[in-house]
Amino acid sequence: MTTLQGRDTAHTVRSYEEELNHLANVVMRMGGQAEAQLASAVQAVLRRDSELATRVVVADARIDEMEQEVHAFTVRLLALRQPMADDLRAIVGALKISADLERIGDYAANVAKRALVLNQLPPVPAVSGLPSMARMVQEIINDILDAYIEKDVEKALQVWRRDEEVDDLHTSLFREVITYMMEDPRNITACTHLMFMAKNIERIGDHATNIAETIHFLVTGKALPLRRPKGKAETDLNPPVVD
Amino acid sequence: MPEAMESQVTAGTPLLSDASAVKIAARDVNVFYGDKHAIKGVNLDIKQNEVTAFIGPSGCGKSTFLRSINRMNDTIDICRVTGTIALDSGNVYDRSIDVVQLRARVGMVFQKPNPFPKSIYENVAYGPRIHGLCRHKDELDEVVMGSLERAGLLNEVKDRLDQPGTGLSGGQQQRLCIARAIAVNPEVILMDEPCSALDPIATAKIEELIDELRENFTIVIVTHSMQQAARVSQRTAFFHLGTLIECSDTEQVFTNPIHKLTQGYITGRFG
C-alpha cells in the first residue's frame, strides 16, 4: 500500500499512520490557502478591488490558526509516538514548512493591506510589472507544494534554483519603479507601496526555497550543501543614472 | 555448507577506520544451532569505551551474537561458531583460551536480574574470590564497596550488606548484578535486555549507570527498546534474520538510516 507520504509500507499502528497523514494534510491545506491568498492579493492590486483586499487581510488569521494546529499536532506526535528516521524528519519538516507558509500568508496579507492604500491613490503604470513576478511566485508555490506531497526532491530543487529568476524580476521591477518616481514625484507614495509589495512577493519566493531545502532534508536526510544561486549583484539595485 | 560462505554487505560503517580504537573485531562470524544458521557472516568492529546497541526483531540473532562474544553459547551442545571474534588481538575461539578467564574479561548482565541466593556482600565478593583477585579481607571489602559504589547501589544497601540480594527491588537487583559483573574488573560488559523487567525510573538509573561505566568499560547492549538504544548507545547495529543489516553511529541510524529494512524496523513499518 502506498501511503500519502509516498511510502511502500504503511505503519504497523494504523492510528500513527493516520496521524502522519493528517499532519501532511494540514500542511497541504495551509499551503493551498497561502497560495490562494497571494493570488487574491495580486488580483486586488490589479483590479483595484478593496473589498477583495480586505477579505485577504481578514483571512490571514485562518493560516495562523492552521500553523498553531500544526505546532500542537507536531508536539503531540513527538511526545506520544517518539518518531524515528523518516517519520521524525517528516514531522520536523512539517513544523518548519508550516512556519514558512505562515510567513508567506503574512506577506500576501501585507500586499493586500498596501493594495487598500494604493487604491486610494491615482493609478501608476508600474503596477503592470507586478503580475508577471506574482505569477512566477505563484507557480513556484504550486510546484513546491507538489514537491512536498510527492516527496519529489528534483522538483524541489527546480524551485530552489528558480528563485534566481524571481530575484532578477524583482530587481528589474525595482529599477522600473524608481524611474517612475524620478519622472514624477507625485508617484512617489504609490510607487513606494508598490516597491514594498514587490519586496513582499520576492520574500515569498525566498520562503519557497526554504521549503525546498526542508523537502530535500526530509526526503534524503541530508541538508542541501550548495549555496543557492543568487540573482544579480546587490549593486544592481542602484537607481539608474539619469543625465 | 555454501550458505555460510556467502558474504554479507552491511550498510553503514560496521568496520572502523581507526584500528586502535577497536575492542572487539568480529570477522565472518557464523553461528549454527544444529542445522539452523542463526548468524550469517557478520563482520563488525566494537569500539572501545563506547556503548554499542544491538537492535532487531525477535529471533534476528542479536542475543546469539552477543552471547558468542564471551562464548556463552558454548553451554549449548548443538551450537557451533565459525569465524573469528578478536578481543583486542586474541581470538576468543582460539584453543588456548580459558573460557573462565574470558568471562572474567567479558562480563554479562542478563534480562532478568539473577542475584545468587546469598547476601548482597557475597554476591559481589563471589567473582573476585573465585578468580583470586584479593589476598586479604580488607582488599575484598574495598572491591565490594567500590563495585557497589560504581553501580550506584552502595548508598541504598550499605546498612544491610549481610541481607539476601534477592530481597532487593528489581532495579536494585539489576544494579547488584552490574556490581557483581564489574567486581572482577572486566574489559567488556555484555547486557542482554537489562532493563526489560524494570520500571522507567529503575531503567533511567541503569541507563545513567551505563553512561558512566563506558568511561572504564566497553559495553554491548541488546535492547528491544529503540528509544533505549538511542538514549544509551554511541553506535547501533541492526540485525535481521541472522544478518547484520546496518551499523552506524546511533544518531545516523535513528535520523537517517541507510537500509530500507532498518528504516522499516525503527519506524514500526516492518512488513
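Reading the values: the criteria
Throughout this description, residue numbers start from 1 for each chain and increase along the sequence as written. Each chain is given a letter, starting from A, and each ligand a number, starting from 1, according to the order in which they appear as written. In view of the model being predicted, local features appear only for residues whose pLDDT reaches at least 70, and side-chain atom pairs are presented and counted only at 80 or more, with totals across whole chains, interfaces and linings using the full set of residues. Water and hydrogen atoms play no part in the side-chain values, which are based on all heavy atoms of the structure. Note on definitions: salt bridges are taken to be side-chain nitrogens of Lys or Arg within 4 Å of carboxyl oxygens of Asp or Glu. Only runs of H or I of at least four residues qualify as helices and only runs of E of at least two qualify as strands under DSSP, and these elements are numbered from the N terminus. Type-normalised accessible area, obtained with a 1.4 Å probe on protein chains alone, sets the label of each residue: buried when under 20%, exposed when over 50%, and partly exposed for intermediate values. UniProt positions are given in the numbering used here, feature names are shortened, and annotations may be inferred rather than shown by experiment. The predictor attaches a confidence to each residue, and that confidence, scored 0 to 100, is pLDDT. Strand pairing requires that DSSP identify at least two bridges connecting the strands. By convention, a crossover is right-handed whenever its connection, traced from the first strand over the helix to the second and viewed with the strands pointing away, goes clockwise. What makes two residues a contact is simply this: any of their non-hydrogen atoms within 4.5 Å. Two parts placed together each lose some accessible area under a 1.4 Å probe, and the buried area is that loss summed for both. Nitrogen and oxygen atoms within 3.5 Å of one another constitute a polar contact, given that in protein one can donate a hydrogen and the other can accept it, and given that sequence-neighbouring residues count only through two side-chain atoms. The classification used treats Ala, Val, Leu, Ile, Met, Phe, Trp, Tyr, Cys and Pro as nonpolar, Asp, Glu, Lys and Arg as charged, and all other residues, Gly among them, as polar. Aromatic contacts are taken between Phe, Tyr and Trp rings whose centres are within 6.5 Å, Trp giving its six-membered ring; a plane angle under 30 degrees counts as stacked, one over 60 as edge-to-face, and the others as tilted. Lysine NZ or arginine CZ positioned within 6 Å of the ring centre and within 35 degrees of the ring normal marks a charge as sitting over the ring.

Visitor: Tell me what's going on with the pattern of salt bridges, and back it up with residues and numbers.
Guide: Tallied over the entire structure, the rule returns 28 salt bridges over all chains. Between B:Asp88 and B:Arg105 there is a salt bridge whose closest N-O contact spans 3.4 Å. Linking B:Asp88 in the loop between β5 (79-87) and β6 (90-91) with B:Arg105 in helix α3 (residues 99-105), this pair joins segments that are 17 residues apart in sequence. Taking the relative accessible area as the measure of exposure, B:Arg105 reaches 30% and is therefore partly exposed. Ionic pairing is found between B:Arg214 and B:Asp211, a salt bridge with its closest N-O pair at 3.2 Å. Put simply, A:Glu139, A:Asp143, A:Arg162 and A:Glu165 are held in one network by salt bridges that share partners.

Visitor: Break down the UniProt feature "domain: ABC transporter" (unreviewed entry) in chain B for me, with residues and values.
Guide: UniProt marks residues 24-266 of chain B with the feature "domain: ABC transporter" (unreviewed entry), using the numbering shown here. Span residues 24-266 of chain B is 37% helix and 27% strand, its end C-alpha atoms 25 Å apart.

Visitor: How would you sum up the confidence of the model for chain B? Please name residues and give values.
Guide: When the pLDDT values of chain B are averaged, the result is 91; 97% of them are 70 or greater. Predicted as a complex, the structure gets a pTM of 0.79 and an ipTM equal to 0.70.

Visitor: Give me the lowdown on the pairing of strand β9 (residues 218-222) of chain B, citing residues and values where you can.
Guide: All names here are of chain B. The buried fraction of β9 amounts to five of the five residues, a majority that puts the element mostly inside the structure. Examined bridge by bridge, strand β4 (residues 51-55) and β9 share four bridges and lie parallel to one another. Looking at β9, one finds that Val51 is bridged to Ile219. Strand direction decides the pairing type here: strand β8 (residues 188-192) and β9, joined by five bridges, are parallel. Note on β9: the bridge partner recorded for Asp192 is Val222. Considered for its hand, the β-α-β crossover made up of β8, helix α8 (residues 200-213) and β9 is right-handed.

Visitor: I'd like a rundown of the interface of chain A and chain B, residues and numbers included.
Guide: Contacts between the two partners involve 19 residues from chain A and, on the opposite side, 15 residues from chain B. Taking both sides of the interface into account, the surface hidden between chain A and chain B amounts to around 1,200 Å²; carbon and sulfur atoms contribute 44%. It is A:Thr9, A:Met84 and A:Ala85 that lose the most area in chain A upon contact with chain B, and together they represent 42% of the buried surface on that side. Remark: the boundary between chain A and chain B carries two salt bridges. Between A:Glu17 and B:Arg269 there is a salt bridge whose closest N-O contact spans 2.9 Å. Counting across the interface, chain A meets chain B through 10 residue pairs in polar contact (both at pLDDT 80 or more). Counting residues per element, the ones that place at least two in the side of chain A that touches chain B are α1 (14-46) and α3 (85-118) of chain A. If one sorts the elements of the side of chain A that touches chain B by residue count, α3(A) sits on top with five residues. When grouped by side-chain class, the residues that make up the side of chain A that touches chain B number six nonpolar, six polar and seven charged.

Visitor: Can you lay out the packing of aromatic side chains for me, pointing to particular residues and giving the numbers?
Guide: With the rule as written, the count across this model stands at five aromatic pairs over all chains. Seen in terms of ring centroids, B:Phe54 and B:Phe239 are 5.1 Å apart; in terms of plane orientation they differ by 65 degrees. Their pairing is edge-to-face. Highlighted residues: B:Phe54 in strand β4 and B:Phe239 in strand β10 (residues 235-240), separated in sequence by 185 residues. Across the pair, exposure class does not vary: B:Phe54 and B:Phe239 are buried alike. Here the aromatic rings of B:Phe238 and B:Tyr265 are separated by 5.2 Å at their centres, their planes lie at 25 degrees, and the arrangement is stacked. Of this pair, B:Phe238 sits in strand β10 while B:Tyr265 is found in helix α11 (residues 260-267), placing the two residues 27 residues apart along the sequence. With respect to class, B:Phe238 is no different from B:Tyr265; both count as buried. Seen from the ring of A:Tyr107, A:Arg103 lies directly overhead, with NZ or CZ sitting 5.0 Å from the centre. Positioned above the aromatic ring of B:Phe32 is the side chain of B:Arg80, whose terminal nitrogen or guanidinium carbon lies 4.5 Å from the ring centre.

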